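Structure at a glance
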Amino acid sequence: MTVMSKWKKIGAFLLVLCLIAGLWTPVPIKAEGHTDYTPEELLEDIEGILLWEKSEEHLSAEDNLLDAVFLQGVGNSSIDWLVFGMGRSGYPDDYSGFRAVAEEKISSEYQKTGGLDREKATEWHRMALAILAAGGDPTAVGADQDGNPINLVVDGVYDMQEGMSPGKQGINGWIFGLLTLDSLRYQVPEGAAETRVQRELPRPGNPFSSASWKNSWQTEASA
């Protein structure tokens, strides 16, 4: 991992962390030294992180962060999550550039291999969430080998390629699959290879059963 790549991962982590903090519901328990932050303060922190990212890319505060050089990293976890955080926070930038590059890279991968990954369903989930946050439609991205629009939600959540399942990646695949479904309340149709019930009901063989949870924590928690 290069130094630049390391700092991009840190920046993406901090940005998403700020967003998560803003989504938490306050509880009436006050720990000593605890500080409540207003949405405005969180947005200031997010802007500070993005200004730092721009300085790392030798850009001015007025420049778009999503420029041609930065977008070379689309498809990389740290870049995709950074764009997700930017879009969800409402930070102004050229998201059309991200959508165009993402569409090109996803189309190219589909046309070469028929999908994004043989092991990690979260490759679909991460791209779907980032594209949605950037104002795109993850159910109609680019074109596959037959020239049809690519549906990242269908292909990555409930109707994956033969021999694949979100559970193949462990608990991470199921968690991000549900997050992707709920991002825009996508419905799982009758006859789908994976049903929502299979994800959510704790029963033998289900990924949310106690035994499966215990084993799944051995997998890396990244997407």
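Notes on the structure follow. Predicted model, so just to flag it, every value in this text is computed and none were measured.

So, about the environment of H125. Within the fold, H125 resides in helix α5 (residues 122–133). Considering only alpha carbons, one finds H125 and P166, 41 residues apart in sequence, at a separation of 9.8 Å. When sequence neighbours within four positions are dropped, the list of residues in contact with H125 reads G156, V157, G173, F176, G177 and T180. A polar side-chain atom of H125 sits 2.7 Å from the main-chain carbonyl oxygen of G156.

Here we take up the nonpolar core. Counting 32 residues, the largest nonpolar core has F98, I106 and L152 as its most contacted members. Contributing elements (two or more residues each) for this core: α2 (39–56), α3 (77–89), α4 (95–113) and α5. Considering every element that reaches this core, the biggest residue donor is α4, with six residues. In this structure F98 touches L66, L71, V74, D80, V83, M127, A130, I131 and A134, once residues within four positions along its chain are discounted. Core analysis: the second largest hydrophobic core is formed by eight residues, V153, V154, L181 and A192 among them.

One non-glycine residue, H58, adopts positive backbone phi at about 60°. Secondary-structure assignment places H58 in the loop between α2 and α3. Backbone geometry places R185, a non-glycine residue, at a positive phi of 55°. Mapped onto the secondary structure, R185 falls in the loop between α7 (171–183) and α8 (196–200).

Reading the values: the criteria
Residues numbered from 1 in each chain as written. Predicted model: local features only at pLDDT ≥ 70, side-chain atom pairs only at ≥ 80, totals over all residues. Heavy atoms only, no water. Helix = DSSP H or I, 4+ residues; strand = E, 2+ residues; numbered from the N terminus. Contact = heavy atoms within 4.5 Å. Polar contact = N/O pair within 3.5 Å; in protein donor to acceptor, adjacent residues only side chain to side chain. Core = buried A, V, L, I, M, F, W, Y, C linked by side-chain atoms within 4.5 Å. Buried < 20%, exposed > 50% of the residue type's maximum accessible area, 1.4 Å probe, protein only.

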